[in-house]
Every structure is written in structure tokens, then in C-alpha cells.
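This is what each chain is made of:
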Amino acid sequence: MNRPINKSFYSLLAAVGSLLLVGALAGCHSSEGKEEATAEAPEAPAATEVFTLKKGQLSSSLQVPGELVAFRDVDIYAKVSGYIKNLYVDVGSEVKQGQMLALAEAPELNAQLASAQSKLKAQEALSIASRANYERILEASKFSGAVSKNDVDQALAKRNADLAQLEAAKSAYREVADQKKYLEIRAPFNGIISARNASTGAYIGPAGKGSEFPLFVLTEQKKLRLVISVPEAYTGYVNMNDVVSFSVKAFPDKKFTGQVKRQAGALDKRLRSERVEVDVTNNDKKLLPGMIAEVSLPLPTRNNALIVPESAIINSTTGVYVIRINNRKAEWVPIKKGLEADDKAEVFGQLKEGDQLVSTATEEIRDGSPVTTK
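An unreviewed UniProt entry annotates the chain as Efflux RND transporter periplasmic adaptor subunit originating from Spirosoma soli. UniProt's Sequence similarities (unreviewed entry) comment on the chain is quoted here verbatim: "Belongs to the membrane fusion protein (MFP) (TC 8.A.1) family."

Have a look at this one:
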């Protein structure tokens, strides 16, 4: 037989269930609140390393190609037309200034010289005769009525005209004699014969008149020019008398040196670079004109400049910056970079010695954001 359930029992069960439900909901809200609090709590910012900006001096070098050329190099042609009678040198011959390289002959010059000499002697005789005649007439004019003044003047004019003709004959003779001297082809300076384009009996003449190629090419080998092109950005670092080192493929294990002696003083309009010439002493003649050299050009800074590590520079899409700490806030300062060496660089901008800069600059450190330094 079923007994009726007491109503107070059901009321007790309902009260206990309500308490359990409220506790569970409270626990859930408490857990979610803790998680949200944990997620929303900001992390303490890490301290940023900074350094004090100072002035210094960088010394680097620029690697550029160069070409060795002869200090003096000349094509030797014949001054007058003729035929080679004797050759005294060949390719590789070392010659001294004034040394005879070849002797040519020109029979027509001998005839011209003989003719000029005959005219000179004839004019000398006429000049002597006219001078003697003038002196006689002048002496006779001293006696009254012997000679008229007109005769004296004519004799004087004849003497002066013959004297002028004598000087012209002397000049013509010297001209032919000088041309004959040109048959002796001599070296204009000390050097080595690097090319020969004629043989005994060959017809020779001035350039374009019988001689398509020069008789000889004379090259000064004991002194060379090293020609290099310095880019526009580095021209300010090159000075006269700077010592330059270089190497060539023929002697890869040896370093050669030279001294800057000439600067063009203007940029090549096509290459945007300045021509610089370095004098190289080559007494042992190991270096040859035409060699290509790998040149190490020293680039010391002229004055003390502001130096920063490369890590302190930001290369962003809007420009190049360093980050300065000003009143505990980041300040992006635009700069221009100069010489770079050993992971350091010169910087130019609105900076001064003693500024505090971020050592490792990143775009995460925004302009104007607070910064904790160490």
C-alpha cells in the first residue's frame, strides 16, 4: 500500500538543488573572470638597450678595377718620305733618349740640298759685290761733283736687297739641311720598343702619306700609370699623394703600391665617376702596360664624424632612421649614411654628440612610444 509523500520533503529537495545550481554558476563565472583577467593583464615591457652617440673616425677601403698604362707611349713616324736604309732596333730593344732607331735615305733631298747650297754661294758672291760697289760710291761721293746722291741711294738699295736675298738663301739651305736630318729617326725618351712595323728597304713617310702604321711604338716601361674610376659617392675621400695598393692576375700573391698624382677634377658624364691616375714605379719591369689591376683604394674619413653601429639604423620604406630616446620616448630621426666599415657607419642628420640612441633599432619601437632603457 502506497504512502503519501510529505510536501515538506519536496520543498527540501528543491531548495538543495537551487543551492547547487547557484554554486556551479558562480564557479563558472569566477573561472571565466580569472581567465579574462589573466588574458587582459599587459606584460611588463622589456628594457631597451641604448648607447651614447660619440664622434669617431672610420677607415675603410674601396675595391675597384684599374688599368695599367704606359707613363709615356708614342707612335714614331718618319718626318719626310724616303726608304729605310738601316734598322738599329727591334721589338724589345731598350733605347735611350736621342738614340738612333733607323736611318732612311732620300736621293731627292740630296739634290735639293746641293741646289740650295749653290744658290747660297751665288747669293753670297752677289752680296759681296754689291757691298763693295756701295762702299766705293759712298767714298767717291765725298768729293764734290764726283757722284750724285741718287747714285749713292741706288747702290745702298742694291746692297740691302742682295743682303736680304742672301739671308733667304741661307734659310732655304737650312730648311733642306734640317729635312735631311729627319732621315735619322731617333728616340724621344728612354723606353722600350714595343712594336716595329717596317723593314730595311721599306718606303716610309709621314702619317697618312705612305705609312699606314707607325715605324715604331716606343713605351716607357719603368714608370706606369694606374688609371681608376672613382664613383661619385667616394670622390670626397680620395686625396693627392694617397698610397694605393693593387694586385694583378700575373702575380696574385704579390701586392704592388703607387701614389695618387692626378685627379680629373670632374665627373665622367656617362659613368658618373672621376678619373684618378696613380704613379707606379716599375724598375723590375714585372708589370706590363695593359694589365688589369684589382685596386684597394683607402677611404679614411676626413674629419671626426658621428659613428653608430649598423644595428642602430632602420632602413624603412619611408627613409633611413635612428631612434633617439628623448624624455623616455622614442624619437625617429632621419639620417643619411656615409662611409661604412666593420659593422659601423657614419651618420649625418639632426644629431649631436651625447644623444641616447637605441642599440638595436626595429620598427616595433614606434615613434613617440614610451621606452624603458637600460
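Enquirer: Help me understand the sheet that holds strand E14 (residues 251-267) in this model?
Expert: Through backbone hydrogen bonds, the strands of a sheet pair up, either in parallel or in antiparallel fashion. Reading around the circumference, E3-E12-E15-E14-E13-E16 is the order of the 6 strands in this closed barrel, with antiparallel pairing throughout. Looking at each pair of strands side by side, their axes are set apart by 40 degrees on average, direction ignored. In this sheet, strand E16 (residues 292-300) lies alongside strand E13 (residues 243-248) in antiparallel orientation, the contact comprising 4 bridges. The residue bridging Ser-245 from the neighbouring strand is Ser-296, located in E16.

Enquirer: Even after reading the chapter, I still don't get the environment of Arg-328, so can you show me in this structure?
Expert: One can find Arg-328 in the loop between strand E19 (319-326) and strand E20 (329-341). When its relative accessible area of 69% is taken as the criterion, Arg-328 is described as exposed. C-alpha separation for the pair Arg-328 and Val-371, spaced 43 residues apart in sequence, amounts to 5.5 Å. If sequence neighbours within four positions are ignored, Arg-328 has contacts with Ser-369, Pro-370 and Val-371.

Enquirer: For this particular structure, what's the right way to read the nonpolar core?
Expert: It is characteristic of soluble globular proteins that their nonpolar side chains tend to be buried jointly. The biggest cluster of nonpolar side chains holds 26 residues, and the ones touching the most others in it are Leu-68, Leu-226, Phe-246 and Leu-287. At the level of elements, strand E3 (59-70), strand E12 (223-231), E13, E14, strand E15 (273-281) and E16 are the ones that each hand at least two residues to this core. If sequence neighbours within four positions are ignored, Leu-68 has contacts with Leu-224, Arg-225, Leu-226, Phe-246, Val-248, Val-280, Leu-287, Leu-288, Pro-289, Gly-290 and Met-291.

Enquirer: Explain the environment of Ile-76 to me, please; I cannot follow it from the model alone.
Expert: Considering the arrangement of structural elements, one finds Ile-76 in strand E4 (residues 73-76). Along the backbone, Ile-76 and Leu-215 are 139 residues apart, and their C-alpha atoms lie at a distance of 5.7 Å. The contact partners of Ile-76, leaving out residues within four places of it in the chain, are Leu-101, Ile-185, Pro-188, Pro-214, Leu-215, Phe-216 and Leu-218.

Enquirer: What is the right way to look at the pattern of salt bridges in this model?
Expert: Charged atoms that come close allow side chains of opposite charge to pair. Counted according to the given criterion, the structure contains 18 salt bridges. A salt bridge links Lys-285 to Glu-94; its shortest N-O distance comes to 2.2 Å. In this pair, Lys-285 sits in the loop between E15 and E16 while Glu-94 sits in strand E6 (residues 94-95), placing the two residues 191 residues apart along the sequence. With a relative accessible area of 48%, Glu-94 lands in the partly exposed category.

Enquirer: For this particular structure, what's the right way to read helix H3 (residues 149-181)?
Expert: Each α-helix turn comprises 3.6 residues. Residues three or four places apart therefore point the same way. Between the first and last C-alpha of H3 there are 48 Å, a value that for 33 residues agrees with the 48 Å anticipated at 1.5 Å per step. Residues of H3 that are buried sit in contact with helix H2 (107-140).

Enquirer: Explain the side chain of Ser-130 here, please?
Expert: In this fold, Ser-130 is placed in helix H2. Setting aside chain neighbours within four positions, we find Ser-130 in contact with Lys-158, Arg-159 and Asp-162.

Enquirer: So what exactly am I meant to see when it comes to the layout of surface pockets here?
Expert: A water-sized probe rolled over the atoms picks out the places where empty space is left. Of the voids in this model, the largest pocket is the one considered here, and its volume is about 160 Å³. Taken together, Glu-94, Val-95, Lys-96, Asn-190, Gly-191, Ile-192, Glu-220, Gln-221, Lys-222 and Lys-285 form the lining of the largest pocket. Looking at the lining of the largest pocket, the elements that each hand over two or more residues are E6 and strand E9 (191-196). Tallied by class, the residues present in the lining of the largest pocket amount to 2 nonpolar, 3 polar and 5 charged.

Rules behind the numbers
- Residues numbered from 1 in each chain as written.
- Predicted model: local features only at pLDDT ≥ 70, side-chain atom pairs only at ≥ 80, totals over all residues.
- Heavy atoms only, no water.
- UniProt positions renumbered as here; feature names shortened; annotations may be inferred.
- Pairing = 2+ DSSP bridges.
- Helix = DSSP H or I, 4+ residues; strand = E, 2+ residues; numbered from the N terminus.
- Axes fitted to C-alpha atoms, helices over the stretch in contact; angles between N-to-C directions.
- Buried < 20%, exposed > 50% of the residue type's maximum accessible area, 1.4 Å probe, protein only.
- Contact = heavy atoms within 4.5 Å.
- Core = buried A, V, L, I, M, F, W, Y, C linked by side-chain atoms within 4.5 Å.
- Salt bridge = Lys/Arg side-chain N within 4 Å of Asp/Glu carboxyl O.
- Expected span 1.5 Å × (residues − 1).
- 1 Å grid on protein atoms, 1.4 Å probe; cavity = no way out; pocket = protein on both sides within 12 Å on 5 of 7 lines; lining within 4 Å.
- Points joined across faces, edges and corners; volume = space filled by probe spheres on them.
- Nonpolar A, V, L, I, M, F, W, Y, C, P; charged D, E, K, R; others polar.

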